[in-house]
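As a plain string of letters, each chain reads:
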Amino acid sequence: MAIDKKMTIRRKSSIDKEKKISLVVLLTVFIVWFIVGELGLVPKLFLPSPRDVAKLAGEMLKNGSLQRNLVASTKRIFIGYLLGTLAAIIIGLIMGRYRIIEAILDPLFQIWRPIPPVAAIPLLILWVGIGEISKFIVIAGGTFAVCLINVITGIKNVPKLYIDSARILGSNEAQMFTNIVLPYSVPYVLSGMRTSIGVAFGVMVAAELIASFEGIGFMLVMGKNLLRTDMIFLGLILIGAMVYIADIFLKKVEQHFTKWMERA
């Protein structure tokens, strides 16, 4: 017990130290950016100061445009990401468990996987128009491809000893799947979900850049067209903040569902 407590204390100390280092790095970058922007060492057309970005954010908050863009992008990412991950988990569990299903679906997936999701946007626009459905589909497609690989890997990495032992003890297929296969593959599934969230945001912005009249991607396009670098910086900061918050949430979920691995 004493050894476990010492290890826990050391681990927490190491985590605190890493957090402090990360905070110092972020503050250093911000201070350098602030000094360069305020002193005008770089033209504002190329590098606006934090003050300019904050001022624009305040103006957009007052007229409501910032809220509209945030809500539009959040809705798209939530629905597309949810559809993509659910499909990847269901299909991945089946493909990883049953070889005949994998033999049928894997060639199709391997052909489709290298194709960038953004490349499908023109076709989706022809099929379903430039509305929300095309954006949901392309975000779901990008999320699905990344998450599916992790789910299949998790299923295939279940030790054969566990499966054989369960069969010897009389477990049926449903019991093995529920009590062995699914719990063991959870870390891989959650890792795939964390990895795919960044891809989902990238695809969302690309979709909004091509065909959208609101959203963060639309903000970036307007900033380019109006030569408003502050608007571009604001959009980039919002994207980074949204991905960071989403990753923190998924990391907390991952830690909650993988406590048994730490104890083991």
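For the structure itself, look to the data block above.
These remarks concern the structure in this document. (Residues numbered from 1 in each chain as written. Predicted model: local features only at pLDDT ≥ 70, side-chain atom pairs only at ≥ 80, totals over all residues. Heavy atoms only, no water.)

One non-glycine residue, Leu227, lies in positive phi territory at about 55°. Here Leu227 lies in the loop between α9 (216–225) and α10 (229–257). Judged by its relative accessible area of 60%, Leu227 is exposed. (Helix = DSSP H or I, 4+ residues; strand = E, 2+ residues; numbered from the N terminus. Buried < 20%, exposed > 50% of the residue type's maximum accessible area, 1.4 Å probe, protein only.)

Side chains carrying opposite charge are able to pair once their charged atoms draw close together. With the rule as written, the count across this model stands at 8 salt bridges. Between Asp247 and Arg194 there is a salt bridge whose closest N-O contact spans 3.1 Å. On the criterion of sequence distance, the pair formed by Asp247 in helix α10 and Arg194 in helix α8 (residues 173–210) is long-range, its members being 53 residues apart. Since its relative accessible area comes to 25%, Arg194 is described here as partly exposed. With a closest N to O distance of 3.1 Å, Glu254 and Arg194 form a salt bridge. In this pair, Glu254 sits in helix α10 while Arg194 sits in helix α8, placing the two residues 60 residues apart along the sequence. Look at the salt bridges and you will find they share partners, linking Arg76, Glu132 and Glu208 into a network. (Salt bridge = Lys/Arg side-chain N within 4 Å of Asp/Glu carboxyl O.)

With that settled, the discussion passes to the side chain of Thr229. Inspection of the secondary structure puts Thr229 in helix α10. Polar contacts involving the side chain of Thr229 include one to the main-chain carbonyl oxygen of Leu45, which spans 2.2 Å. If we skip the residues at most four places from it in the chain, Thr229 touches Lys44, Leu45, Phe46 and Pro48. (Polar contact = N/O pair within 3.5 Å; in protein donor to acceptor, adjacent residues only side chain to side chain. Contact = heavy atoms within 4.5 Å.)

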